[in-house]
Amino acid sequence: MGKWLPGISRRSQARIQNRVSRLGARMGGGPRPEFRSELRTRLVNTSGPEDPPAERAAPVRPRPRPGLLVQFLSLSLAATVVMAGLATYRSMPGDTLYPLKRAAESTLFHLSTDDAERAGRSFDYAETRAHEVEELLGSSRRPNRLIKETLQDMEDTTRSAITSLTRVRRRDAKSEAKSTGQLKRFVQKQRNQIEGMLPRMDVEERRRAHGYLNYIEGLAPPE
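Scoring rules and cut-offs
- Per chain, the residues get numbers from 1 upward, laid out in the order the sequence is written.
- Confidence filtering applies because this is a predicted model: local features only for residues at pLDDT of at least 70, side-chain atom pairs given and counted only at 80 or more, and all residues used for totals across whole chains, interfaces and linings.
- The side-chain figures draw on all heavy atoms in the structure; neither hydrogens nor water molecules are used.
- Under the DSSP-based scheme used, a helix requires at least four consecutive residues in state H or I and a strand at least two consecutive residues in state E, with every element numbered from the N terminus.
- Burial status follows relative accessibility: with a 1.4 Å probe on protein chains alone, a residue under 20% of its type maximum counts as buried, one over 50% as exposed, and anything between as partly exposed.
- The contact criterion used is simple: two residues touch if any of their non-hydrogen atoms lie within 4.5 Å.
- Values of accessible area rely on a 1.4 Å probe in the Shrake-Rupley scheme; residue burial ignores everything except the protein chains shown.
- Salt-bridge detection follows one rule: a side-chain nitrogen of Lys or Arg within 4 Å of a carboxyl oxygen of Asp or Glu.
- The term polar contact refers here to a pair of N or O atoms within 3.5 Å; inside protein, the definition further demands a hydrogen-donor-capable atom paired with an acceptor-capable atom, and it admits residues adjacent in sequence only when both atoms are side-chain atoms.
- Only centres within 6.5 Å qualify two rings of Phe, Tyr or Trp (six-membered ring in Trp) as a pair; their planes then separate them into stacked at under 30 degrees, edge-to-face at over 60, and tilted for everything else.
- Charge-over-ring contacts are defined here by two conditions on Lys NZ or Arg CZ: a distance within 6 Å of the ring centre and an angle within 35 degrees of the ring normal.

With an unreviewed UniProt entry as reference, the protein chain is termed DUF5667 domain-containing protein, source organism Streptosporangium roseum.

Draft legend 1. Inspection of the overall build of the protein chain at higher detail. The helix and strand tally for the protein chain stands at eight helices and zero strands. Across the protein chain, helices and strands are ordered from the amino to the carboxyl terminus as α-α-α-α-α-α-α-α. Buried residues in the protein chain amount to 29% of all 223 residues. Within the protein chain, counting contacts between residues at least 6 apart in sequence, those at least 24 apart form 64% of the total. With an accessible surface of roughly 16,000 Å², the protein chain has 56% of that area assigned to carbon and sulfur atoms.

Draft legend 2. Region of the structure containing the pattern of salt bridges. For the structure on display, the rule yields 15 salt bridges. One salt bridge in this structure joins E132 and R129, with 2.8 Å as the shortest N-O distance. Taken together, the positions of E132 and R129, both in helix α5 (residues 115-137) and three residues apart, correspond to about one turn of that helix. Among the ionic contacts, a cluster of salt bridges with common partners joins K101, R102, E105, R129, E132 and D153.

Draft legend 3. Region of the structure containing the environment of T157. Within the element layout of this structure, T157 appears in helix α6 (residues 144-171). For the pair formed by T157 and D124, sequence separation is 33 residues and the distance between their alpha carbons is 9.1 Å. For T157, the side chain forms a polar contact with the main-chain oxygen of D153, separated by 2.8 Å.

Draft legend 4. Representation of the packing of aromatic side chains. This structure, assessed with the given rule, holds one aromatic pair. Ring centres of F123 and F186 lie 4.5 Å apart, and the angle between their planes is 40 degrees; this geometry places the pair in the tilted category. Here F123 is found in helix α5, whereas its partner F186 is found in helix α7 (residues 176-197), with 63 residues between them in sequence. We classify F123 as buried; its relative accessible area is 3%. By relative accessible area, F186 is classed as buried at 2%. Sitting above the plane of the F109 ring, R118 keeps its charged end 5.1 Å from the centroid. If you follow R159 out to its NZ or CZ, it ends over the ring of Y215, 4.0 Å from the centre.

What follows is the structure, given as structure tokens:
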């Protein structure tokens, strides 16, 4: 034990060495090399500083993926736009969103590429006005002025469709049969719907409706 043992004071090591020497003398000689080696190993293992306990690794929490957040916001925005579009499409005269509905119709009409497409859109809008009149007639809180205004808008839109259709016929004689069939279907549908609403109209509304019916009857050629 010529070397100092780490972790034990020199005084303690000297005391241990003295005891080992006396024990060896009593036993008739110094301790065997194997004993010394084993004793030294045990002293080192028992007196040495213990290793600090391993720190527990903090649980790794998955970070939110930015892509999921972007997708969620995009879907929310798309759903909002769809809902707003449906609310606008279903709006009626007098509703807050109704002017937006009419503005969208006007925009689509002016974005149409030719007169045939404009005529088709105008016929669709005239049919929409007829449905709106029917809805207003079924409402218990309908202002009469809205029905009159919608009937007038229906007639104005129909006249716009006829103007576009006339320009198409002048430029292309081949489209005569197609446009005639389109006009016949429109007149028949409008006549059936307007005539079914007459019993629920007041005198002024009925007068406007009859004027519209007389106008569209003169548009379609006789069967």
